[in-house]
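Chains, contacts and geometry: an overview
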Amino acid sequence: MGLFDAFKRKKKLEVGLEKTRTGFFQSIVNTLTNSQIDDDLYNDLEEQLILADVGPATAVRLVDELRDQVEADHLKTGEQALKALREIIRKEISPTDEMDLTGRPAVILVIGVNGVGKTTTIAKLAYLYKDLGKRVMLAAGDTFRAAASEQLETWADRAGVPLVKAGEGADPAAVIFDAVQSAAARGYDLVIADTAGRLHNKKGLMDELSKITRSVKKASPEASLEVLLVLDAITGQNAISQAEEFCRAAGATGVVLTKLDGTPKGGCVLAVHEKLGLPIRFVGVGEQLDDLIFFSATDFSEALLPELPGKGAEA
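Just so it is clear, the model here is predicted, and its values are computed rather than measured.

Turning next to the pairing of strand β6 (residues 254–258). Along any regular strand the residues' side chains alternate between the sheet's two faces. Counted residue by residue, β6 has five buried out of five residues, so it is predominantly covered. Burial along β6 is two-sided: the residues G254, V256 and T258 and V255 and L257 are all buried. Judged from the five bridges that link them, strand β5 (residues 224–232) and β6 form a sheet pairing that is parallel. Looking at β6, one finds that D232 is bridged to T258. Judged from the three bridges that link them, β6 and strand β7 (residues 280–284) form a sheet pairing that is parallel. Its bridge partner lying in β7, V256 is registered against F282.

Dropping the structure here:
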């Protein structure tokens, strides 16, 4: 990714986080920069982090880490504490590894309960990777919902990528098998596959996704597989609770957080990472096809807790 693309991504994230930055996290910035570093400050900070949807356990741990760093580094000013918290958050949500898209083809299986924006996320992923020069194919693996294939076909047309689909009630693993086999034969780089968004019993979900995983390897032994869980940032903590069981059953490897621009509680990014133990890979910051961006822990922490004008050198 070039410097211009990185700059564009950062600006999109800043605009997308406007509600969060001018809401709860603005209060956090104000608290840190206008108060003395004492127990009252730590208590206020903890409360505000919880209000920002970070989650109680994560809020307590972040404040404890900040307290330890203030003592260890002999920090004196609120600006220094703000800078320290920004770095703590950055480290907290930094992924330890990259997505594995080395396969031939690379396969991304997209999972998530209905209503989180799964179909539009698939289209945006396709658009993003096509824009990066990848040859992308979609697979309509949600064969249980009558409108799912039609919706995905509309989005595939908008993104300008081919779609492999079958009739309602077809075996999802067979549809995805056909897509992966076709992509391998035709030299496509990436297959992005939809899956059913219904929450049935855990065993049924595990069996279905295991079958799909096997079908991917059977279609192309050289394929790599990532399983991305789509969550709605607006529903915050509720989304996490709803997704925990789904996530464990499905063996997710990463998260796409949609509708981040629609919530003043962007702290859910930290809560998702903490509760699910998964890296955030992409965030959605708008309705347009190009409004899904690669997640950057550095950009996110800087957008949430920006340096105050004229305070950079002091901090």
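Further remarks concern unusual backbone geometry. Note the cis peptide between R104 and P105, where omega equals -5°. Examined against the element boundaries, P105 turns out to sit in the loop between α6 (78–93) and β1 (106–111).

Below, the discussion takes up the packing of aromatic side chains. Counted under the stated rule, the structure contains four aromatic pairs. When the centroid spacing of 5.1 Å and the interplanar angle of 35° are considered together, the rings of F282 and F294 count as tilted. A residue pair is termed long-range when its members are at least 10 positions apart, and F282 in strand β7 and F294 in strand β8 (residues 292–294) qualify at 12 residues. We note R135 situated over the ring of Y188; from NZ or CZ to the ring centre the distance is 4.1 Å.

A word on a negative patch on the surface. Taken together, the side chains of D38, D40, D44 and E47 make up a negatively charged region of the molecular surface. Secondary-structure assignment places D40 in helix α4 (residues 39–51). The exposure class assigned to D40 is exposed, which follows from its relative accessible area of 53%.

A word on the packing of α4 against helix α5 (residues 56–73). Orientation of α4 relative to α5, taken along the N-to-C sense of each, is 145°, at an axis distance of 9 Å. Helix-helix and strand crossings are classified by hand; for α4 and α5 the assignment is right-handed. Contacts between α4 and α5 involve D39, Y42, L45, E46, L49 and I50 on the former and, on the latter, P56, A59, V60, L62, V63, L66, R67 and V70. A per-class count over the contact of α4 with α5 returns 11 nonpolar, no polar and three charged.

Calculation rules
Residues numbered from 1 in each chain as written. Predicted model: local features only at pLDDT ≥ 70, side-chain atom pairs only at ≥ 80, totals over all residues. Heavy atoms only, no water. Buried < 20%, exposed > 50% of the residue type's maximum accessible area, 1.4 Å probe, protein only. Helix = DSSP H or I, 4+ residues; strand = E, 2+ residues; numbered from the N terminus. Pairing = 2+ DSSP bridges. Phe/Tyr/Trp six-rings, centres within 6.5 Å; stacked < 30°, edge-to-face > 60°. Lys NZ or Arg CZ within 6 Å of the ring centre and 35° of its normal. Patch = residues over 30% accessible without salt bridge, like charges linked within 9 Å, V, L, I, M, F, W, Y side chains within 5 Å. Areas by Shrake-Rupley, 256 points an atom, 1.4 Å probe, with all protein chains shown as cover. Salt bridge = Lys/Arg side-chain N within 4 Å of Asp/Glu carboxyl O. Lys, Arg positive; Asp, Glu negative; His and termini not counted. Charge placed at Lys NZ, Arg CZ, Asp CG, Glu CD. Axes fitted to C-alpha atoms, helices over the stretch in contact; angles between N-to-C directions. Left-handed = near helix turned anticlockwise from the far one by under 90°. Contact = heavy atoms within 4.5 Å. Nonpolar A, V, L, I, M, F, W, Y, C, P; charged D, E, K, R; others polar.

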